[in-house]
Amino acid sequence: GEDVEQSLFLSVREGDSSVINCTYTDSSSTYLYWYKQEPGAGLQLLTYIFSNMDMKQDQRLTVLLNKKDKHLSLRIADTQTGDSAIYFCAESMARNDYKLSFGAGTTVTVRA
Amino acid sequence: DAGVIQSPRHEVTEMGQEVTLRCKPISGHNSLFWYRQTMMRGLELLIYFNNNVPIDDSGMPEDRFSAKMPNASFSTLKIQPSEPRDSAVYFCASSLVRGGGSSYNEQFFGPGTRLTVL
């Protein structure tokens, strides 16, 4: 079935790295995504990774995928106050390519 | 591009009233999604349209909820009668689903409508 889990909260000091973790249960996932939701706004795609990749880097963002453990992580280097938001992990599958299964979201708070 | 447009941004109504939420997807997108976000249940997919046709409405909570997409540039989500437990943020999202085995699916979200039912 489709089940995506994330820890709910993360507090990080400005300038440090943030690591947000996600686990999923469906091994047929083809794409995995990270979305960011800022206060009062809708979700916005941050980055994604195809299931045959282990890692993807995009400026301050690094996505790691461990297919064996069904574990996805997002690392934000040099975390800034503007990174304070809710981060959602999501997966899509070939059999149902229109549908995204979202995790509950991790609220990241950046403290000075 | 203006992105996905939703109206109203905030709606406060009394129990039993009809509520209509509106969405204009991004031009050229062929798929539209309505989601509901609450603290208790997170982000839930209510209904999905492809080329204006409802494909999956299994997430619609009950008959009080209905959604329409009369054309490619407009959709509504209606709640009649509304109840306090319907209070949530409702998001509309659109995407270009290519099919043919490619399942990459970037969904573009609107700013949401915050609904409060008293």
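The text that follows walks through the structure, step by step, so that each part is easy to find. This structure is a prediction, so every number in the text was calculated from the model and none was measured.

**Considering the interface of chain B and chain A**
When the parts come together, some accessible area is lost, and that loss is often what is quoted as the size of the interface.
Right, on to step 1. Taken together, the contact pairs 20 residues of chain B with 20 residues of chain A.
Right, on to step 2. Here aspartate 56 of chain B makes a salt bridge to lysine 99 of chain A, at a shortest N to O gap of 4.0 Å.
Right, on to step 3. Connecting chain B to chain A are three residue pairs in polar contact (both at pLDDT 80 or more).
Right, on to step 4. Those elements giving two or more residues to the side of chain B that touches chain A turn out to be strand E4 (31-38) and strand E5 (42-50) of chain B.
Right, on to step 5. Taken together, the residues that form the side of chain B that touches chain A break down as ten nonpolar, seven polar and three charged.

**Description of the pairing of strand E3 (residues 19-24) of chain B**
The side chains of a regular strand alternate between the sheet's two faces.
All names here are of chain B.
Right, on to step 1. Examined bridge by bridge, strand E1 (residues 5-7) and E3 share three bridges and lie antiparallel to one another. Along E3, the bridge assignment pairs glutamine 6 with cysteine 23.
Right, on to step 2. Bridge count for E3 against strand E8 (residues 74-79) is five bridges, and the pairing is antiparallel. Note that in E8 the partner of valine 19 across the bridge is isoleucine 79.

**Considerations on the nonpolar core**
Right, on to step 1. Leu32, Trp34, Phe49, Met60, Ala67, Leu77 and Tyr90 of chain B are the most contacted members of the largest nonpolar core, which totals 21 residues.
Right, on to step 2. Of all the secondary structure elements, the ones that give two or more residues to this core are E3, E4, E5, strand E7 (65-71), E8, strand E9 (88-95) and strand E11 (113-117) of chain B.
Right, on to step 3. In this structure methionine 60 of chain B touches Leu46, Ile47, Phe65, Ser66, Ala67 and Leu77 of chain B, once residues within four positions along its chain are discounted.
Right, on to step 4. Of all hydrophobic cores here, the second largest spans 20 residues; its members include Tyr31 of chain A together with Phe33, Leu43 and Leu45 of chain B.

Parameters at a glance
- Residues numbered from 1 in each chain as written.
- Chains lettered and ligands numbered in written order.
- Predicted model: local features only at pLDDT ≥ 70, side-chain atom pairs only at ≥ 80, totals over all residues.
- Heavy atoms only, no water.
- Contact = heavy atoms within 4.5 Å.
- Salt bridge = Lys/Arg side-chain N within 4 Å of Asp/Glu carboxyl O.
- Polar contact = N/O pair within 3.5 Å; in protein donor to acceptor, adjacent residues only side chain to side chain.
- Helix = DSSP H or I, 4+ residues; strand = E, 2+ residues; numbered from the N terminus.
- Nonpolar A, V, L, I, M, F, W, Y, C, P; charged D, E, K, R; others polar.
- Pairing = 2+ DSSP bridges.
- Core = buried A, V, L, I, M, F, W, Y, C linked by side-chain atoms within 4.5 Å.
- Buried < 20%, exposed > 50% of the residue type's maximum accessible area, 1.4 Å probe, protein only.

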